[in-house]
Amino acid sequence: RKKKAVAFFHPFARDGGGGERVLWCAVQAVQAEHPNARVHLYSGDDASAEELQKRALEVFGVEIQRPVHLVRMKLRFLVQAETYPRLTMIGQAVGSILLGLEAILKLTPAVFIDTSGYAFAYPIAKLAGSKVVAYVHYPTISTDMLARVRQRRNMYNNDEGVSGSAWKSGIKVLYYRCFAALYGLVGRCADVTMVNSTWTRNHIAQLWANNGVHIVYPPCDTCKLNNIDLDRPRELEIISIAQFRPEKDHKLQIESFAHALSKVTKTPDMKHLSNMRLRLVGSCRNAADEARVKDLRLLSKKLGIEHHVHFSVGISYTELVEHLGTAICGIHTMVDEHFGIGVVEYMAAGTIPIAHGSGGPLTDIVVPHNGTRTGFLATTLEEYSTAMLEVLSMSVSARRAMGKAARAHASTFSTDRFLASFTAALDPTLSPVLAT
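Right, let's walk through the structure included here.

Calculation rules
- Residues numbered from 1 in each chain as written.
- Predicted model: local features only at pLDDT ≥ 70, side-chain atom pairs only at ≥ 80, totals over all residues.
- Heavy atoms only, no water.
- Helix = DSSP H or I, 4+ residues; strand = E, 2+ residues; numbered from the N terminus.
- Rg over C-alpha atoms; globule rule 2.2 N^0.38 Å.
- Contact = heavy atoms within 4.5 Å.
- Areas by Shrake-Rupley, 256 points an atom, 1.4 Å probe, with all protein chains shown as cover.
- Salt bridge = Lys/Arg side-chain N within 4 Å of Asp/Glu carboxyl O.
- Buried < 20%, exposed > 50% of the residue type's maximum accessible area, 1.4 Å probe, protein only.
- Axes fitted to C-alpha atoms, helices over the stretch in contact; angles between N-to-C directions.
- Parallel < 35°, antiparallel > 145°, perpendicular 65-115°, else oblique.
- Left-handed = near helix turned anticlockwise from the far one by under 90°.
- Nonpolar A, V, L, I, M, F, W, Y, C, P; charged D, E, K, R; others polar.
- Pairing = 2+ DSSP bridges.
- Right-handed = clockwise from strand over helix to strand, strands pointing away.
- Core = buried A, V, L, I, M, F, W, Y, C linked by side-chain atoms within 4.5 Å.
- Expected span 1.5 Å × (residues − 1).
- 1 Å grid on protein atoms, 1.4 Å probe; cavity = no way out; pocket = protein on both sides within 12 Å on 5 of 7 lines; lining within 4 Å.
- Points joined across faces, edges and corners; volume = space filled by probe spheres on them.

### Quick notes on the overall build of the protein chain
Check the secondary structure of the protein chain and you find 17 helices and 13 strands. Compactness check: the protein chain gives a C-alpha radius of gyration of 22 Å against a globular reference of 22 Å for 436 residues, within 12% of the reference. Seen through its principal axes, the protein chain has C-alpha atoms that stretch 70 × 55 × 40 Å. Sequence-distant contacts, at least 24 apart, represent 72% of the contacts inside the protein chain between residues at least 6 apart. With the model as given, the accessible surface of the protein chain reaches about 18300 Å², and the carbon-plus-sulfur share is 55%.

Right, here's the structure in full:
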């Protein structure tokens, strides 16, 4: 075991999501507080450590001061969902055990920090003598997931073949319960557990029987976005920031926008909104995501709104900031989003959020600030389309007041707050280990 080694377990280190920002800010926190620590990164990407650090700066504005040593993983495919068309969770769980074993055999660190949510790797690191630290973005399984299967609701992770059958749903509930029990056992191997929201804490505390869970809100670049002038002229644009993953439900965004636009064309008093547009900003992890973007383009064309819907795929952070400063409101449609960094970015930019009324946006983010409303919550197509038109029709002064309150609340989720909270949670475990 390497005494001064602190290793981050993050097999997909350039997936472009909020988890990648957490990774690099966590690395930054460890290096700042413990200059003697030798930081390693377990990753399956074909990029070099220098390229990954350069990407952290270019995409997220996170500068890593000292070198990070790459431990390249060859078995990453074992944790990819597409490897397991059926029994995906258990397949990925077994895959993460094997990937964790590969990681520990290549490097056994003093402290093993998982920032990707592969809890089934924890016993491997624990048995090897490493201290295990978990930063959980979302529980692999939750009581909400169980409830949806019991209710036989058709969703991206509960297809019609199962939801339409009582006996298949019964078997899946049993499968989920067994998995939840195993997930709880491996989760208890963590010496330090951090989560990104109240919603995640409630689930992890229950599943892992852990009352010592730290809420460490993820780092959002509120600093740069705070520089956007609230009095800056805005365009009739609704922006969406989300990877093109199925659970983000871009389809609902496009359909809600189309419904709102149809109301505009039928209502003479709304003619001034006829040039409204929707901009979808996000990255693609793989070919499946790229195919999803193609399908979304086809949907826009089918609905006759292709000239109103713009796709900005894989753009730079500088371009993202510019778009946030241009749009009037931002849309978010994921059910039970564990946190919602994109929603916070809307608020920090003074862009009015319209978020799904569940998960982190409901419990932590789109909440009143000193009694002033900070945005809108919706769950249905009708609610989203109504909210879009309400925000776009607001007076400049009313929108500015809401944007100001939203920005003030977004400061709760700043990078500085993350660095301080992450360090406070980690230090009691990390400092004694590095001192030996």
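Having seen it, we continue.
### Quick word on the pattern of salt bridges
Scanning all chains against the criterion turns up 19 salt bridges. The partner of D46 in a salt bridge is R14, and the shortest N-O contact between them spans 2.3 Å. Note that D46 is positioned in the loop between strand 2 (38-43) and helix 2 (49-60) and R14 in the loop between strand 1 (2-9) and helix 1 (18-33), a separation of 32 residues in sequence. Since its relative accessible area comes to 64%, D46 is described here as exposed. Put simply, K263 and E382 hold a salt bridge, and the shortest N to O gap is 2.6 Å. Of the two residues, K263 is situated in helix 10 (residues 250-266) and E382 in helix 15 (residues 381-393); the sequence distance between them amounts to 119 residues.

### Points about the packing of helix 10 against helix 15
Running from N to C, helix 10 and helix 15 cross one another at 60 degrees; their axes reach a closest spacing of 8 Å. With respect to each other, helix 10 and helix 15 are oriented oblique. For the crossing formed where helix 10 meets helix 15, the hand is right-handed. For the pair helix 10 and helix 15, the contacting residues are L252, Q253, E255, S256, F257, H259, A260, K263 and V264 in the first and L381, E382, Y384, S385, T386, M388 and L389 in the second. For the contact of helix 10 with helix 15, the residue count by class is 8 nonpolar, 5 polar and 3 charged.

### Structural notes on the sheet that holds strand 13 (residues 376-378)
Strands sit in the order 10-9-8-11-12-13 across an open sheet of 6 strands; the sheet is parallel. Edge positions in the sheet fall to strand 10 (309-313) and strand 13, since each has one partner strand and no second. Looking at each pair of strands side by side, their axes are set apart by 25 degrees on average, direction ignored. One ladder, built from 3 bridges, connects strand 8 (residues 237-241) with strand 11 (residues 329-331); its direction is parallel. From the neighbouring strand, S240 faces strand 11, where its bridge partner is I331. On the sheet, helix 13 (residues 341-348) packs against strand 8, strand 11 and strand 12 (352-356) and is oriented at approximately 140 degrees with respect to strand 8.

### Observations concerning the pairing of strand 2
Extensive coverage of strand 2 is indicated by the burial of 5 of its 6 residues. At this point the chain moves from strand 1, through helix 1, to the parallel strand 2, and the crossover so formed is right-handed. Note that strand 2 and strand 3 (residues 69-72) share 4 bridges and pair parallel. Bridge assignment links L41 to a residue of strand 3, and that residue is L70. What joins strand 2 to strand 3 is helix 2, and the crossover it makes is right-handed.

### Re the sheet that holds strand 6 (residues 192-195)
Spatially, the 7 strands line up as an open sheet ordered 3-2-1-4-5-6-7, and their pairing is parallel. The sheet terminates laterally at strand 3 and strand 7 (214-215), the two strands that pair on one side only. The pairing of strand 1 with strand 4 (residues 109-114) spans 5 bridges and is classified as parallel. Note that in strand 4 the partner of F8 across the bridge is I113. Across the sheet, helix 8 (residues 198-207) lies against strand 5 (131-136), strand 6 and strand 7, angled at about 140 degrees from strand 6, the strand it touches most.

### Considering the nonpolar core
By size, the foremost hydrophobic cluster in this structure holds 40 residues, and its most contacted members are F9, Y42, F112, Y122, I141, Y183 and W208. Those elements that provide at least two residues to this core are strand 1, helix 3 (88-106), helix 4 (122-127), strand 5, helix 5 (143-150), helix 7 (166-187) and helix 8. Not counting residues up to four positions away in its chain, the partners in contact with Y42 are A7, F8, F9, H10, P11, V71, M73, A103, I104, L107, P109 and F112. Listed in part, the 37 residues of the second largest apolar core include L23, L41, I64 and L426.

### A word on the environment of L324
Here L324 lies in helix 12 (residues 317-326). Each C-alpha atom of the pair L324 and F179 lies 40 Å from the other, and the pair is 145 residues apart in sequence.

### A look at helix 3
Here helix 3 spans 27 Å end to end across 19 residues, near enough to the 27 Å set by a 1.5 Å rise per residue. Taken as a whole, helix 3 has its buried residues at M89, G91, A93, G95, S96, L99, G100, E102, A103 and I104.

### Observations regarding empty space enclosed by the protein
Under the defined criterion, the tally for this structure stands at 2 cavities of 30 Å³ or more. Space inside the largest cavity adds up to approximately 40 Å³. Along the walls of the largest cavity sit A29, V30, E33, H34, F422, T423, L426, D427 and L430, which together make up its complete lining. Only helix 1 and helix 17 (415-435) provide two or more residues apiece to the lining of the largest cavity. When residues in the lining of the largest cavity are grouped by element, the largest group, 5 residues, is from helix 17.

It is worth stressing that arrangement in space is one thing and function is another; only the former is reported here.
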